[in-house]
Amino acid sequence: MLYVDADACPVRDEALKVAERYGIAVVYVTNGGLRPSRHPLARIQMVPEGADAADKWIAERVGPGDVCVTSDVPLAARVVEAGATALAPDGQPFTAANVGARLALRDLMADLRAADPFRQGGGKPFSPADRSRFLDALDRLLRPGRA
């Protein structure tokens, strides 16, 4: 199963494109704003409004063999802990070896933003190279016989 943390995900269409190639079902988890898909492999799962409702829904269901597309580092940590694979929309994998450091960096950046309300900027913009890297990484993850 392929779970997509769909709110604000820039690669929803790409995820379905790759999943279709291998006949894998996709569940888009959202608290609103997505149109229903007519694709037979795609399903929209609505969750209540709330900061972590989609994350909780995914974390309660994901397991070994599943893949989750998310940019949410705490959700990725829960996915990895459940024995599933987490992939960021820019194609970067979350692993048991790197998710702890990524959580710590996320927390540090939140503290820095809180300490300086005038701090400008954020992350780098999503690029065509990020999209290409995501397509390649997801293809490798969903390909039958993957290691």
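Along each chain, residues carry numbers from 1 onward, in the same order as the chain's sequence is written. A pLDDT threshold of at least 70 governs which residues receive local features in this predicted model, and a stricter bar of 80 or more applies before side-chain atom pairs are shown or counted, although totals over entire chains, interfaces and linings include all residues. Derived side-chain values reflect all non-hydrogen atoms in the structure, with water molecules and hydrogen atoms excluded from consideration.

This next bit is on the confidence of the model for the protein. Values of pLDDT, which run from 0 to 100, indicate the predictor's confidence residue by residue. When pLDDT is averaged across the protein, the result is 88; 86% of the residues are at 70 or more. No element of the protein has a lower mean pLDDT than helix α4 (residues 99-115), which averages 65, and none a higher one than strand β4 (residues 67-69), which averages 98. Put simply, DSSP marks the helices as runs of H or I at least four residues long and the strands as runs of E at least two long, and each gets a number from the N terminus on.

Before going further, it helps to spend a moment on unusual backbone geometry. Even without being a glycine, Ala8 presents a positive backbone phi close to 65°. Among the secondary structure elements, Ala8 is positioned in the loop between β1 (2-5) and α1 (12-22). Burial classes follow relative accessibility: with a 1.4 Å probe on protein chains only, a residue under 20% of its type's maximum area counts as buried, one over 50% as exposed, and anything between as partly exposed. Under the relative-accessibility criterion, Ala8 is labelled exposed at 77%.

When a carboxyl oxygen of Asp or Glu is within 4 Å of a side-chain nitrogen of Lys or Arg, the pair counts as a salt bridge. Counted according to the given criterion, the structure contains six salt bridges. Where Asp136 meets Arg140, a salt bridge forms, and the shortest distance between an N and an O atom there is 2.3 Å. Of the two residues, Asp136 and Arg140 are both situated in helix α5 (residues 128-142); the distance of four residues between them amounts to about one turn of the helix. Look at Asp136 and you get partly exposed, because its relative accessible area is 43%. Of the charged contacts in the structure, one is a salt bridge between Arg143 and Asp139, with a shortest N-O distance of 2.4 Å. Exposure remark for Asp139: the relative accessible area of 10% places this residue in the buried category. Where salt bridges share partners, they join Arg21, Asp139 and Arg143 into one cluster.

Take the environment of Ala25 next. Mapped onto the secondary structure, Ala25 falls in the loop between α1 and β2 (26-30). By relative accessible area, which is 32% here, Ala25 ends up partly exposed. Along the backbone, Ala25 and Tyr3 are 22 residues apart, and their C-alpha atoms lie at a distance of 8.6 Å. The contact definition used throughout considers only heavy atoms, calling two residues in contact when any of these lie within 4.5 Å. Setting aside its immediate chain neighbours within four residues, Ala25 contacts Met1, Leu2 and Leu41.

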